[in-house]
Amino acid sequence: MLVIDNISKTFNRNTVNEKPLFSHLSLTIQQGEFVTIIGGNGAGKSTLLNIIAGALAADEGQIILEGRDITSQSEHERARYMGRVFQDPLLGTSPNMTIEENLSLAFNRAQNTALKWGLSPKMRKLFCETLAPLQLGLEKRLTTKVKFLSGGQRQALTLLMATLTKPKLLLLDEHCAALDPNTALQINQLTTNIINEYGITTLMVTHNMEDAIRMGNRLIMLHEGEIILDVRGIQKAQLTVGKLVALFKELQGREFAYDQALLAP
Ligand SMILES: Nc1ncnc2c1ncn2[C@@H]1O[C@H](COP(=O)(O)OP(=O)(O)O)[C@@H](O)[C@H]1O
Ligand SMILES: [Mg+2]
């Protein structure tokens, strides 16, 4: 279980650029939950993920994962048990390293000791078994430098690297937004498969409302740093893009009290 407890965050405090974003934001995510997160530009989606990953410190509040307060842990420490994939396919992998070297880095990152594993036949076998189901032929290209892969192939590899060691938490920040629609579809399918297979607790930010409705088992909408919609189960299943858009429009006129009737079938 992930508990985001009373998080507040203001950027550039006490300057002309002061930007209050989160004020006592709390959110509890159950073990194995797959949460999709939507919200307009600047809603705070990436900042929320950054605070969970330790890339940004909150001004106050705690992050508790599986009963442990990890608020003071560095991003590096959290990376041992948190997987992350960003929008930019260039960010998750090292271009001048081969596929197997990248996978090996990801594998070793999760090890809790200074003892790193070299590239052994056993590890290569594991990589091949992990890559083969993608049906991208990457298992036959273990020694190819990653810079020669397409954006979709790189993003698939990044996703595998982020989940290779079955992290406690997977954070996806619009990881399909830079891909063409067909490739995005494939990577989304791969995402669902991996999450379902391992049961990884996941937060997935997407600007694609259809994906947000179709994927995962809980949907959250952020607006100006507040959670204005949080649905699961039948309510989520009955959502439509039309209803979400209507909700967005409604928000422009009113403060944060959404009309339940909009969610009715
Ligand atoms: N490092 C930063 N310094 C100042 N303001 C920031 C910083 N990061 C984000 N913000 C501001 O916080 C708000 C939320 O940003 P972000 O979390 O990136 O939104 P989203 O991912 O939902 O588009 C925006 O108004 C953005 O300008
Ligand atoms: Mg963002």
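The model shown is predicted, which means the values in this text are computed figures rather than measured ones.

Novice: How would you summarise the overall build of the chain if you had to cite specific residues and measurements?
Specialist: Helix and strand content of the chain: 9 helices and 10 strands. Here the chain has a C-alpha radius of gyration of 19 Å; the compact-globule value for 265 residues is 18 Å, and the two agree. Principal-axis analysis of the C-alpha atoms places the extent of the chain at approximately 60 × 40 × 35 Å. In the chain, the share of contacts with a sequence separation of at least 24, taken over all contacts with a separation of at least 6, comes to 66%. A total accessible area of about 13,100 Å² is found for the chain, and carbon and sulfur atoms account for 51% of it. Across the chain, the centroid of the 27 positively charged side chains sits 7 Å from that of the 26 negatively charged ones.

Novice: Account for the packing of aromatic side chains, with residues named and values stated.
Specialist: Within this structure, the stated rule accounts for 0 aromatic pairs. Between Lys-168 and the ring centre of Tyr-81, over which it is positioned, the NZ or CZ distance is 5.8 Å.

Novice: So what's going on with the nonpolar core? Which residues, and what values?
Specialist: One finds Ile-99, Leu-103, Leu-131, Leu-134, Leu-157, Leu-159 and Leu-172 to be the most contacted residues of the largest nonpolar core, which totals 33 residues. With 6 residues, helix 5 (residues 151-163) is the single largest residue contributor to this core. Filtering out sequence-adjacent residues up to four positions away, Leu-172 remains in contact with Leu-49, Val-85, Leu-159, Thr-191, Ile-195, Thr-202, Leu-203, Met-204 and Val-205. Counting residues in hydrophobic clusters, the runner-up holds 27 residues, among them Ile-52, Met-82, Leu-171 and Leu-203.

Novice: Give me the site of ligand 1: which residues, what numbers.
Specialist: Around ligand 1 sit Phe-11, Asn-12, Lys-19, Leu-21, Gly-40, Asn-41, Gly-42, Ala-43, Gly-44, Lys-45, Ser-46 and Thr-47, and that is every residue in its neighbourhood. Within the backbone of Gly-42, an N or O atom sits 2.8 Å from an oxygen atom of ligand 1. Between ligand 1 and Ala-43, the relevant distance is 3.2 Å, taken from an oxygen atom to a main-chain nitrogen or oxygen of the residue. The set of elements that each furnish at least two residues to the shell around ligand 1 consists of strand 2 (19-29) and helix 1 (45-53). Broken down by class, the residue content of the shell around ligand 1 amounts to 3 nonpolar, 7 polar and 2 charged.

Novice: Hey, could you go over the packing of helix 5 against helix 6 (residues 181-198) for me, with residue numbers and the actual values?
Specialist: Contact geometry of helix 5 with helix 6 gives a least axis separation of 10 Å together with a crossing angle of 10°. If you check the angle between helix 5 and helix 6, you find them roughly parallel. Of the two possible hands of crossing, helix 5 and helix 6 adopt the one that is right-handed. The segment helix 5 lies against helix 6, with Gly-152, Gln-155, Ala-156, Leu-159, Leu-160 and Thr-163 engaging Thr-183, Ile-187, Leu-190, Thr-191, Ile-194 and Tyr-198. Here the contact of helix 5 with helix 6 is built from residues that sort into 7 nonpolar, 5 polar and no charged.

Novice: Just give me the short version of the pairing of strand 7 (residues 169-173), but keep the residues and values in it.
Specialist: Among the 5 residues that make up strand 7, 5 are buried, leaving the element largely enclosed by the rest of the structure. The side-chain alternation of strand 7 yields two buried faces, one formed by Leu-169, Leu-171 and Asp-173 and the other by Leu-170 and Leu-172. Pairing of strand 6 (residues 82-85) with strand 7, which is carried by 4 bridges, proceeds in the parallel orientation. Residue pairing in the sheet places Val-85 in a bridge with Leu-172 of strand 7. Of the pairings in the sheet, the one linking strand 7 to strand 8 (residues 201-205) comprises 5 bridges and is parallel in character. When the sheet's bridge partners are listed, Leu-169 is paired in strand 8 with Thr-201. With helix 6 bridging strand 7 and its parallel neighbour strand 8, the resulting β-α-β unit is right-handed.

Novice: Give a description of the side chain of Thr-206 that names residues and reports values.
Specialist: Locating Thr-206 in the fold gives a position in the loop between strand 8 and helix 7 (209-214). Judged by its relative accessible area of 9%, Thr-206 falls in the buried class. In this structure the side chain of Thr-206 is engaged in a polar contact, spanning 2.9 Å, whose partner is the backbone nitrogen of Asn-208. Filtering out sequence-adjacent residues up to four positions away, Thr-206 remains in contact with Ile-37, Ile-38, Glu-174, Asp-211 and Ala-212.

Novice: For the sheet that holds strand 5 (residues 68-69), give the residues involved together with the corresponding values.
Specialist: One open sheet accounts for 4 strands, arranged 2-1-4-5; its pairing is antiparallel. Two strands bound the open sheet, and with one partner strand each, they are strand 2 and strand 5. Pairing analysis gives 5 bridges linking strand 1 (residues 2-11) to strand 4 (residues 60-65), with the strands arranged antiparallel. Bridge assignment links Asp-5 to a residue of strand 4, and that residue is Gln-62. Against the sheet, helix 1 engages strand 1, strand 2 and strand 4, with an angle of about 115° to strand 1.

Rules of the game
Residues numbered from 1 in each chain as written. Chains lettered and ligands numbered in written order. Predicted model: local features only at pLDDT ≥ 70, side-chain atom pairs only at ≥ 80, totals over all residues. Heavy atoms only, no water. Helix = DSSP H or I, 4+ residues; strand = E, 2+ residues; numbered from the N terminus. Rg over C-alpha atoms; globule rule 2.2 N^0.38 Å. Contact = heavy atoms within 4.5 Å. Areas by Shrake-Rupley, 256 points an atom, 1.4 Å probe, with all protein chains shown as cover. Lys, Arg positive; Asp, Glu negative; His and termini not counted. Charge placed at Lys NZ, Arg CZ, Asp CG, Glu CD. Phe/Tyr/Trp six-rings, centres within 6.5 Å; stacked < 30°, edge-to-face > 60°. Lys NZ or Arg CZ within 6 Å of the ring centre and 35° of its normal. Core = buried A, V, L, I, M, F, W, Y, C linked by side-chain atoms within 4.5 Å. Buried < 20%, exposed > 50% of the residue type's maximum accessible area, 1.4 Å probe, protein only. Near = heavy atom within 4 Å. Polar contact = N/O pair within 3.5 Å; in protein donor to acceptor, adjacent residues only side chain to side chain. Nonpolar A, V, L, I, M, F, W, Y, C, P; charged D, E, K, R; others polar. Axes fitted to C-alpha atoms, helices over the stretch in contact; angles between N-to-C directions. Parallel < 35°, antiparallel > 145°, perpendicular 65-115°, else oblique. Left-handed = near helix turned anticlockwise from the far one by under 90°. Pairing = 2+ DSSP bridges. Right-handed = clockwise from strand over helix to strand, strands pointing away.

Interpretation in functional terms is not warranted from these geometric data alone.
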